[in-house]
Each structure stands twice: as structure tokens, then as C-alpha cells.
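# Structural description and commentary
Letter by letter, the chains look like this.
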Amino acid sequence: MNTFDWAIQLVYVASATCFVLGLHLMNTPATARRGNQVSTGGMIVALLATFVLMIHIGGVTAAGWAVMIAGALIGAAAGLYTARTVQMTAMPQLVSVFNAVGGGAAALVAIHDYVSSVSAGHVAEVTTVTTFLDVVIGSVTFSGSIIAAGKLQGMINGAPITFPGSRFVNIAVAVIAVGASIYLITTPNVWVLVIVILAALAFGVTMVLPIGGADMPVVISLLNAFTGTAVAMAGFVINNWALIIAGALVGASGGILTKLMADAMNRSLRNIMIGGFGTGDTGAAAVAGPGGDVRSIAADDAAIQLAYAQKVIIVPGYGLAAAQAQHQVGELASVLEDRGIDVSYAIHPVAGRMPGHMNVLLAEANVPYPLLKEMDEINPEFPRTDVALVIGANDVINPAARRPGTAISGMPILDVDKAKSVIVIKRSMATGYAGIDNELYVDPKTSMFFADAKTALTELTAAVKTLVA
Amino acid sequence: MTSALLTDITIFVLAILVGFEVISKVPATLHTPLMSAANSIHGIVLAGAMLIAVTANDVLGYVLAFVAAAFAAMNVVGGYVVTGRMLKMFRRRPVASDQKQALATGDSQTGAAA
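Conventions we followed
- Residues numbered from 1 in each chain as written.
- Chains lettered and ligands numbered in written order.
- Predicted model: local features only at pLDDT ≥ 70, side-chain atom pairs only at ≥ 80, totals over all residues.
- Heavy atoms only, no water.
- Helix = DSSP H or I, 4+ residues; strand = E, 2+ residues; numbered from the N terminus.
- Buried < 20%, exposed > 50% of the residue type's maximum accessible area, 1.4 Å probe, protein only.
- Contact = heavy atoms within 4.5 Å.
- Areas by Shrake-Rupley, 256 points an atom, 1.4 Å probe, with all protein chains shown as cover.
- Domains from an automatic or database assignment.
- Buried area = accessible area lost by both parts, 1.4 Å probe.
- Phe/Tyr/Trp six-rings, centres within 6.5 Å; stacked < 30°, edge-to-face > 60°.
- Salt bridge = Lys/Arg side-chain N within 4 Å of Asp/Glu carboxyl O.
- Polar contact = N/O pair within 3.5 Å; in protein donor to acceptor, adjacent residues only side chain to side chain.
- Nonpolar A, V, L, I, M, F, W, Y, C, P; charged D, E, K, R; others polar.

Helix and strand counts for chain B come out as five helices and zero strands. Helices (α) and strands (β) of chain B occur, in sequence order from the N terminus, as α-α-α-α-α. Burial analysis of chain B (114 residues in total) assigns 56% to the buried set. Excluding contacts between residues fewer than 6 apart, the proportion of contacts in chain B whose partners are at least 24 apart in sequence is 50%. Carbon and sulfur atoms provide 66% of the accessible area of chain B, an area that totals close to 4700 Å².

Here we take up the domain arrangement of chain A. Residues and elements named next belong to chain A. Looking at the assigned domains, one finds that chain A contains domain 1 (1-85), domain 2 (100-280) and domain 3 (299-468). Distance from the C-alpha centre of domain 1 to the C-alpha centre of domain 2: 24 Å. Taken together, the contact between domain 1 and domain 2 spans seven residues of the former and seven residues of the latter. Carbon and sulfur atoms supply 80% of the area that domain 1 and domain 2 bury against each other, a total of about 610 Å² over both sides.

Attention shifts here to the packing of aromatic side chains. Residue and element names in this part refer to chain A. Enumeration over the complete set of coordinates arrives at four aromatic pairs over all chains. On the basis of an interplanar angle of 55° and a centroid distance of 5.4 Å, the ring pair of Y114 and F132 is categorised as tilted. Remark: F132 occurs in helix α5 (residues 125-153) and Y114 occurs in helix α4 (residues 91-120); sequence separation between them is 18 residues. Y114 sits in the buried class, given a relative accessible area of 1%.

Moving on, we get to the interface of chain B and chain A. Across the boundary between the two partners, chain B contributes 86 residues, which contact 103 residues of chain A. Here chain B packs against chain A, burying approximately 8300 Å² in sum over the two surfaces, 79% of which is carbon and sulfur. Looking only at chain B, the three residues that lose the most surface to chain A are M35, I44 and M74 of chain B, adding up to 9% of its buried area. The tally of links from chain B across to chain A stands at zero salt bridges. Taken together, the connections running from chain B to chain A amount to 18 residue pairs in polar contact (both at pLDDT 80 or more). Elements supplying a minimum of two residues to the side of chain B that touches chain A: α1 (3-23), α2 (31-41), α3 (45-55) and α4 (59-89) of chain B. Top element by residues in the side of chain B that touches chain A is α4 of chain B. It accounts for 29 residues. Split by residue class, the side of chain B that touches chain A holds 60 nonpolar, 18 polar and eight charged.

Structure (C-alpha cells):
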């Protein structure tokens with residue numbers, strides 16, 4: 001190793017330090033922006049060092065420079081445009097698309113390395129193992145993330161898509177991808193590499209298609225972990241520490257979020273991957289309630305309850321995000337706060353369509369983050385709460401989770417049933433993702449406000465304003 | 001087994017452990033920006049994509065270099081910009097209503113969280 005290589009590696013270590021510091025600063029909302037800036041700084045330095053390294057190595061053809069720079073500029077422009085214009089409700093799709101391109105780029109790094117090693121007549125064995133891990137994981141992430149983004153965007157049916165033998169096809173392509181990779185380790189052949197790529201792409205598609213829309217928070221987290229792993233493998237292939245460290249950090253992040261999401265939904269990862277059960281995306285079904293009387297309420301009566309409460313907790317769920325009613329809920333809350341009512345928000349870990357999605361939607365609606373409470377923090381406050389206003393949440397507030405023997409037993413829930421009274425805004429009595437009736441809806445202290453979240457909140461805000469005027 | 005591979009594996013394992021340690025302290029409120037920030041960090045694959053161009057000397061190599069650079073650049077630029085955009089919305093106190101319009105367009109520098 002000469003002095004130049006030393007310098008470049010040290011710059012990569014400095015960049016990796018910036019990435020870790022950047023993630024560390026995300027431990028509070030107040031420092032998170034600085035964290036993103038530190039991380040960006042590390043990235044710029046690493047890319048500049050790579051640029052210098054390219055010049056130092058030399059031998060880059062004019063066409064090589066041209067395609068690399070043109071590609072980077074086009075990609076950067078596309079990234080900048082989508083990042084500037086995306087709606088916050090569409091954030092899960094965007095994260096999926098970034099996962100797809102990141103995984104795809106990682107796979108391409110290994111594909112190029114393999115193809116050029118074969119044509120140069122040397123394929124080191126240690127490199128090929130990580131090469132195929134990179135190609136397979138990167139390709140799976142690429143196609144899987146595109147399907148996930150398509151489902152989230154509504155371009156592909158969000159319901160689990162299965163066909164006779166779909167499990168078999170899924171397993172078959174996995175066997176082909178792994179088998180062909182093992183064959184390639186002993187026998188270099190570029191055409192077999194094409195089979196590996198196609199089989200891995202097919203596996204990504206057949207892996208995500210059977211997964212229902214409500215499981216998307218887990219799937220996105222998992223694909224994020226995959227992308228990180230693919231990038232780390234690309235780092236092994238080209239022996240670059242910056243890629244290895246960055247990929248490992250992302251892999252860890254995706255892994256933690258996958259576990260948190262799966263736990264919050266009370267489902268094992270295996271269960272989700274097998275899929276084919278339920279979906280949170282289905283529209284309102286016929287009104288068919290559980291046993292017991294359901295008390296329906298109109299905007300005026302609900303407004304009276306809210307306007308004369310001292311403490312209100314708003315429980316936003318998937319339905320709020322689906323109806324894009326985050327601005328309406330923010331407006332209602334500020335009207336109540338102007339009356340001196342203590343308003344806070346109880347956020348279940350899987351509210352929304354990706355980890356933490358609801359918090360971003362509410363932040364966008366100008367809700368200050370100290371009002372957004374995590375489940376463990378807010379649960380002790382429900383007994384002191386006059387009105388819990390539930391908007392489009394279902395399974396995460398079902399008291400049946402506390403009893404054994406139900407589909408959601410053991411799932412962590414928000415203790416909404418402990419509030420003095422409960423108003424539920426929901427389109428119908430349709431069951432949630434778990435497919436079981438919600439006991440809270442027939443509780444005597446619960447009133448149901450049957451409407452779309454956006455309409456209901458607009459009416460409620462108007463009614464409260466009239467009342468206090 | 002080469003010692004370079006052993007070093008790489010050591011770095012990989014230790015980085016995963018550091019990742020677990022740092023990321024488990026991020027509050028649930030910030031999980032979406034966290035995932036987006038992680039997304040930008042794996043945009044470092046752009047460094048790998050750039051290095052493809054060093055050895056590319058035929059049509060296939062150029063195509064791979066082009067597509068990889070485009071993908072990775074989209075990842076890294078889009079990731080950082082959208083993370084910044086999200087984090088800017090997290091405020092300790094609500095902003096006055098006349099600032100909302102400016103914030104909605106993303107032009108305002110005001111209201112940064114304390």
C-alpha cells in the first residue's frame with residue numbers, strides 16, 4: 001500500500017465516521033437535521049475521494065468518463081426532482097424506489113466485476129462468493145422493491161396476489177439462482193450469470209406479490225436491509241471499506257426496523273413472507289358488526305364531547321393516511337388547543353404504511369413533534385383522558401389483544417378503551433387487517449362516527465367552531 | 001483465504017454492531033427519516049459505480065457504468081434531499097399560519113426545530 005492508497009482509505013474511514021455520527025444525531029428530532037448534514041458531508045467527501053482515485057488509477061477512456069458523468073447527472077436530476085416533488089403520503093413508494101435503484105446499482109457493480117474478470121481470464125474464488133451474494137441480493141431487492149412500490153402506488157393490486165403453484169415457482173427460482181451461482185463459482189460462464197440474474201429478479205417479484213398491503217411496513221424495512229447487505233457485498237467485491245461499512249449500517253437499520261414492525265403487528269417474519277392472508281387495503285365492506293349494540297354519533301354531538309373535554313388523545317391509524325386527512329386532523333387539534341384543551345397524539349408503531357410514517361404526515365400538517373407520543377409513553381395517560389378520538393385505526397386498539405386465543409393476542413395495543421369516552425371515525429364496521437371484530441366498537445362508552453376521515457374531520461372542525469363561536 | 005477478505009469481514013461485522021447500537025436509540029417518531037437517511041447512506045454505492053468506469057472498455061462495460069451511475073446517483077441525491085425535507089417539518093412548536101404557505105413549498109428557512 002503506497003501513501004496515496006493510505007490517504008484514500010483514511011478518507012473513506014472519515015466518511016464512514018460521518019455516517020455513524022449522522023445516524024447518532026438522529027436520536028432526537030432537534031439534532032436530526034444536523035445529522036443529515038453531517039452524513040451528506042461524509043458522502044460528498046467519499047465521492048470526491050473516489051473521483052481523485054479514478055484520476056490516479058488512470059486509464060479511464062473518454063467514453064468511460066462520458067457515460068459515468070452523464071449517468072450520474074441524469075440520475076441526480078431524477079433523484080432531485082422526485083425528492084422535491086413527492087407527497088409525504090407517497091414516501092413509502094419513494095423509499096422503495098430508492099431501495100430498488102440502490103440494490104440494482106450494487107448488483108451491477110458485481111456483474112461488471114465478474115464479466116471483466118472472466119474476459120481477463122482470472123476469477124479469484126474468494127471474490128466470486130461475495131460477487132454472487134451481491135448479484136442475487138441486489139437483483140432480488142431491485143425487482144422486489146419495484147413491485148412493493150407498485151403496490152403502494154396502487155399500480156399493482158395491493159391485495160396478496162397468488163396463483164396456483166406460486167409458492168412452487170418462488171422456491172424453484174430461488175433454487176435456480178443459488179444453484180447457478182454455485183455452478184459459476186467453479187465454472188466461469190457469463191451466460192450462466194444471466195440465468196442467475198433473471199432467476200433472482202423473478203424471485204424478488206414472486207416474493208413480494210403475495211404480501212398484503214398492510215404488511216408493507218415490514219416489507220419495506222426488509223428490502224432496506226437487503227439493499228444495505230447488497231451494497232456491503234459490493235464493497236467486498238471491489239474491496240472498498242466505505243461500501244462495506246455503509247452497507248452494514250443500513251443492513252443493521254433495516255434489520256432493527258423489520259423486527260420492530262413485525263413485533264408491533266404481532267407476526268413473525270416467516271408468517272408475513274408466506275403471505276396470502278388479509279390486507280389493509282380493501283375498501284369499506286358491508287356493515288356487519290359484532291354482537292352488541294353500536295352507538296352511532298353525528299358531527300354535532302361529537303363536537304360537544306370534544307369541545308367540553310379537558311384532555312383529548314387523537315389516535316390516527318392507517319385510515320387517516322389512506323384518506324390523506326392529516327391536515328384536517330391538525331386543524332381540528334389546533335381549534336381544540338385554542339380552547340385550552342390538552343391535545344396529544346398516540347402513535348402506534350405500525351400506523352401508516354412504513355415505520356414512523358404517521359409522524360411525518362402529522363409533522364407535515366404542522367403538528368409539533370412533542371405532541372406525538374409513542375405507545376409506551378401515552379398508554380398510562382388514557383385513564384385520565386376525557387375523549388379518545390380514533391381515526392381509521394382498528395386492530396391496534398382492539399382490547400381482544402389482551403386475551404389469549406384471538407388472532408391478535410399478544411399484539412401491543414393502545415389502551416384506548418381505558419379513556420372515559422371514545423369516538424371512532426371509521427367508514428364502516430368492517431374488520432381490520434386481522435379479520436376479527438373489534439370489541440371496543442360495542443363498548444357502551446364508544447360512539448361510532450361513520451364517515452370518511454377527511455369528511456368527518458372537516459365536519460367536526462366546523463361543528464366545534466360553531467359551538468365555541 | 002486472503003488477509004484482505006478477513007479484514008473486510010471484520011469491518012463488516014463491527015459495522016453491523018455499531019449500526020445496531022446507534023440505530024436502536026433512534027425514537028419511533030423519526031423512523032421514516034431514519035429509513036430515508038439509511039437509504040441515502042447506501043447511495044455510497046455510487047463510488048462503486050464510478051469505479052466501474054475505470055475498467056470499462058467495451059459497449060457492455062459502458063452500459064453497465066451508465067446505468068449503475070444513474071441508479072446510484074438517483075439514490076444518493078434523492079435520499080439526502082428528501083430526508084432533509086422531512087426533517088425540516090419536525091418542529092417543537094407550531095409555526096404561525098402565514099409561514100405555512102412558504103413552508104409547504106419548501107422555500108422557508110424559518111422554524112427550524114430548536
